[in-house]
Structure formats: C-alpha cells, structure tokens
Amino acid sequence: MNIPFVHHELPNGLDVIVHEDHGCPIVAVNIWYHVGSKNEQPGRTGFAHLFEHLMFEGSKNHDSGYFRPLQEVGGVLNGSTNADRTNYWEVVPANSVELALWMESDRMGYLLPALTDAKFENQRNVVLNERRQNYENRPYGLAGMSLVSALYPPDHPYHWMTIGAAQDIKAARLDDVREFFQTYYRPRNASLAIAGDIDADRAVALASAYFGDLDPGPETPPVIPPAAHLTGETRLILEDRIELPRLYIAWHSPALFGEDDAELDLVSEVLAGGKTSRLYRSLVYEQRIASEIAASQGSRELGSFFQIIATAAPGRTLVDLEQAIAAEVARFIADGPSAVELERCMAQAEAHFLHRLQTVGGFGGKSDQLNAYNIYLGAPGYFDEDLERYRRADAARLRAAAEKWLGSGRVVLSVVPRGQSTLALAGSQPVSVS
C-alpha cells in the first residue's frame with residue numbers, strides 16, 4: 001500500500017499530515033480530535049456528541065451556520081462522534097481549500113466566544129430529539145444501551161452510549177460544556193489531514209498560517225478504565241414495541257489493533273457475513289428459525305465486544321435461536337473455518353480495505369484513515385501493517401481467537417414484545433434503560 005504523505009507537527013502540538021493526489025481537482029480537509037464519550041464522566045455523559053452539533057453553529061469570526069459557505073463553493077462536509085474520537089471533514093474544490101482551513105481553524109480556536117445560551121439550548125433539544133428518534137422510539141433502539149451497561153461496570157468509560165443519558169443532557173450547563181471544550185478541542189489533542197490536489201509544502205504552510213497561532217491547550221487527562229470481567233452468563237430481558245423477538249449475545253473482545261482483533265473481525269465474517277455465511281445458511285435458509293442474522297467485532301480503543309444478533313422468524317423462539325447459535329459457535333471453535341470460508345472472508349476484508357481508499361475525503365477515505373492511524377497508533381502510514389494483520393490470520397489463528405474470547409463469559413439479551421416476557425430466555429432479568 002503506497003500512500004505517500006508528509007507529517008509535520010506545529011509548535012502548538014497540532015499534527016499536520018499531507019497526502020498529494022492530483023487525479024481530481026479536489027482537496028479533503030479532515031480533523032480528528034482524540035475525544036469521545038469515553039472521555040466523559042458518569043453523570044456528565046453526551047458532551048462529546050453535543051459538541052459535534054455545537055461545532056456547526058458558528059464561531060467568533062463566522063457566527064453563522066457552518067454548512068452554507070462551503071456548500072456554496074461546491075463542497076461537501078460532515079462530522080461524527082464515537083466512543084473514542086470526534087471527526088470533521090470537508091471535501092472542496094482545490095481553489096477553496098483555504099476557506100475550509102480557515103473555518104476549521106476558527107471553530108477550533110474561537111468557538112466559545114460565539115457559544116451562547118440560545119445556541120446551547122437549541123442544540124441540547126436537537127440532541128434530545130435525536131435520542132428519542134434513534135433510540136427511545138426506534139424498534140430495538142435501547143438494546144445497545146442495555147448491552148453496554150451490562151458489559152461494563154458503571155464507572156467504566158464504555159458503560160454509556162455516545163448519545164449520552166437523557167438526564168445528563170438535560171442537566172448539563174453551559175459552563176460544563178465550555179470546560180469540556182477547553183480541555184479536549186485543542187491543537188495538542190488533534191490531527192489535521194489534508195489530501196488531494198495540493199502541493200505538500202503549500203499545505204503545510206497553509207496549516208501553519210491558519211492553525212499555528214492557536215493556543216495548544218492543556219495536556220488531556222488519561223483515561224484509565226477499571227477492569228471489566230464477565231465470569232459467567234448474564235441473561236437480560238428488554239420489553240419493547242416490536243413484533244418479532246430478537247436475541248443479542250455479546251462477549252468482551254480485544255481492543256482495536258490488539259492481538260486477535262483482526263482475527264475476530266474475520267470470524268464475524270465467516271459466521272454472518274452474507275448469505276453464504278454459517279449462521280445465515282443454518283438459521284435463515286436451512287432451519288428457517290431466523291429472519292435476519294448479524295455478527296461483528298466492535299473494535300474500540302480500550303477494549304471491544306463481539307456480538308451476534310438474530311431476529312426470530314414468525315412462530316420461532318429465542319430458545320431455538322440461542323441453541324442454534326451456540327451449536328455453530330461450538331462447531332467453529334472445534335474445527336475452525338474451512339479453506340473456502342477463509343478465502344472468502346480474506347477477500348472480503350481486503351476488498352473492504354481497498355474500497356475505503358478510493359477517495360481522498362469523507363468517512364473512511366485516505367485523509368480519514370491517515371488521521372485514524374495517527375490518533376490511535378501515532379503512525380499515519382500504518383496501511384501495510386494494518387492489512388497484514390488480516391493476511392497473516394490463518395485458520396488456526398481464527399479458531400484459537402474464537403476459543404479464547406467466545407466462551408462462557410457473555411451477556412445474552414432477549415428483546416421481546418411488551419407484555420410477552422415469557423418469550424425471553426429462562427432466567428432473564430429485566431433491564432432498566434431510558
């Protein structure tokens with residue numbers, strides 16, 4: 001993987017990474033802040049995601065909506081927050097790169113002077129509405145919250161979802177979020193990638209001109225999570241406004257880029273990646289006990305979780321699903337993947353890897369990936385090593401990873417229609433989430 005780049009650190013600590021790609025007259029500007037919901041505290045959750053919204057509301061020298069100036073020159077832009085990081089990106093015509101850099105630098109350095117009570121209240125309400133729409137009122141929407149709250153103890157930074165608790169969002173005060181911004185949204189805690197039709201020396205000079213005089217900010221406090229262990233099986237039940245029961249099974253798994261992380265990603269592909277996968281073929285096609293099936297290695301910086309999700313077919317039970325899933329997982333642990341399965345999942349992983357790098361910007365593009373490697377590993381050019389993690393994962397390594405991680409320590413969540421708790425697995429305890 002030859003993705004050439006220049007890496008320069010400004011005196012204020014901002015990392016600047018430049019990749020030249022003159023195939024199209026566009027430039028991607030991509031900024032990652034090393035802050036997510038894991039940097040919050042119990043009782044003060046949802047701040048990182050709230051700032052994702054506030055950062056589009058204007059700054060000192062552009063106290064207006066962030067989208068319009070960039071869209072007027074033909075640019076596209078977006079942002080996102082997860083447990084470990086927050087990112088913002090723009091893809092603009094090459095002759096508008098200074099506009100994107102100026103706007104990003106202004107909100108990094110001068111957001112707070114333009115942050116008013118009215119903007120704060122407006123975006124607080126937007127986030128609360130987003131929470132109602134995407135979690136509280138969506139079928140199965142509270143399942144994720146139920147899982148993570150059972151997987152991790154209350155003082156663990158992964159115990160809550162990125163959206164935050166409704167009561168915490170309602171209780172937040174402007175001074176609280178100002179302090180959060182001053183701690184984390186600073187050059188010292190950020191990485192800027194510029195990729196596309198631009199000369200590297202000019203890109204570094206522009207970054208220095210627009211970001212170089214910003215205050216570096218304080219050293220960010222380290223996140224030291226308490227231990228999270230599952231010694232046995234925890235069975236839970238969540239009643240929801242749904243028609244078909246659904247089963248969630250989750251195990252702790254290794255951290256992002258850790259040993260067995262890539263192997264379990266491939267295991268999830270063998271088990272439930274497409275219609276030829278083991279679980280789909282067995283549960284959906286042959287036994288017809290499930291209407292849909294999914295599996296994933298949810299890689300995170302401090303520790304991950306592997307999960308399998310199955311929705312019962314009409315007239316079938318969660319007991320049927322649990323027994324069939326357990327049998328397939330046990331068969332995989334005993335025998336590992338076949339040569340055909342391994343070839344398929346390796347080809348799929350490599351195709352996915354290369355697909356992300358077809359663009360210079362956006363989610364998963366080259367600028368985004370340069371920042372990801374830099375933030376998590378301090379190595380922007382980790383492309384070859386990352387792909388090699390998958391290429392060296394043979395059948396024996398996949399089987400060993402499944403045996404090590406997909407054992408008895410797990411959380412099993414039954415999501416059933418309201419008033420039909422008898423459809424849950426025996427011994428399931430009610431969860432309380434809102």
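Residues numbered from 1 in each chain as written. Predicted model: local features only at pLDDT ≥ 70, side-chain atom pairs only at ≥ 80, totals over all residues. Heavy atoms only, no water.

K.L.:
Can you lay out the overall build of the protein for me, pointing to particular residues and giving the numbers?
P.N.:
In terms of helices and strands, the protein carries 15 helices and 12 strands. For 434 residues, the compact-globule estimate of 2.2 N^0.38 gives 22 Å, and the protein sits close to it at 23 Å. Considering only C-alpha atoms, the protein reaches an extent of 60 × 50 × 40 Å along its principal axes. A total of 434 residues make up the protein; the buried ones form 55% of that total. For the protein, the proportion of contacts with a sequence separation of at least 24, taken over those separated by at least 6, is 79%. (Helix = DSSP H or I, 4+ residues; strand = E, 2+ residues; numbered from the N terminus. Rg over C-alpha atoms; globule rule 2.2 N^0.38 Å. Buried < 20%, exposed > 50% of the residue type's maximum accessible area, 1.4 Å probe, protein only. Contact = heavy atoms within 4.5 Å.)

K.L.:
An account of the pattern of salt bridges is requested, with residue identities and associated values reported.
P.N.:
Scanning the entire structure with this criterion turns up 25 salt bridges. Between R131 and E136 there is a salt bridge, with its nearest N and O atoms 2.7 Å apart. Given the relative accessible area of 25%, E136 is considered partly exposed. E233 serves as the salt-bridge partner of R410, at 2.6 Å between the closest nitrogen and oxygen. Linking R410 in strand β11 (residues 410-417) with E233 in strand β7 (residues 233-240), this pair joins segments that are 177 residues apart in sequence. Taking relative accessible area as the criterion, R410 reaches 10% and is therefore assigned buried. Within this structure, E233, R235, E322 and R410 form a network of salt bridges that share partners. (Salt bridge = Lys/Arg side-chain N within 4 Å of Asp/Glu carboxyl O.)

K.L.:
Run through the packing of aromatic side chains, naming residues and quoting values.
P.N.:
Following the criterion strictly, the structure yields 20 aromatic pairs and no others. Ring geometry for Y373 versus Y382: centroids 5.6 Å apart, planes at 65°, classification edge-to-face. With relative accessibility at 0%, the residue Y373 sits in the buried group. Of the residues examined, Y382 reaches a relative accessible area of 19% and is grouped as buried. Taken together, the aromatic side chains of Y33, F47, F51, F56, Y66, F67, Y88, F180, F181, Y184 and Y185 make up a single cluster linked through ring pairs. The aromatic ring of Y66 is capped on one face by R107, whose charged end is 3.7 Å from the ring centroid. Stacked on the ring of Y88, the Lys or Arg R107 has its end atom at 4.4 Å from the ring centre. (Phe/Tyr/Trp six-rings, centres within 6.5 Å; stacked < 30°, edge-to-face > 60°. Lys NZ or Arg CZ within 6 Å of the ring centre and 35° of its normal.)

K.L.:
Describe the layout of surface pockets, listing the residues and the values that go with them.
P.N.:
Volume-wise, the largest pocket comes out at about 950 Å³. Residue lining of the largest pocket: 38 residues in total, with L256, D265, H352, R356 and Y390 positioned closest to the centre. Looking at the lining of the largest pocket element by element, the count peaks at 7 residues for helix α12 (residues 339-356). Considering only residue class, the lining of the largest pocket consists of 15 nonpolar, 12 polar and 11 charged. In terms of lining, the second largest pocket is formed by 17 residues, of which the most central are R131, W160, A165, Q167 and S434. (1 Å grid on protein atoms, 1.4 Å probe; cavity = no way out; pocket = protein on both sides within 12 Å on 5 of 7 lines; lining within 4 Å. Points joined across faces, edges and corners; volume = space filled by probe spheres on them. Nonpolar A, V, L, I, M, F, W, Y, C, P; charged D, E, K, R; others polar.)

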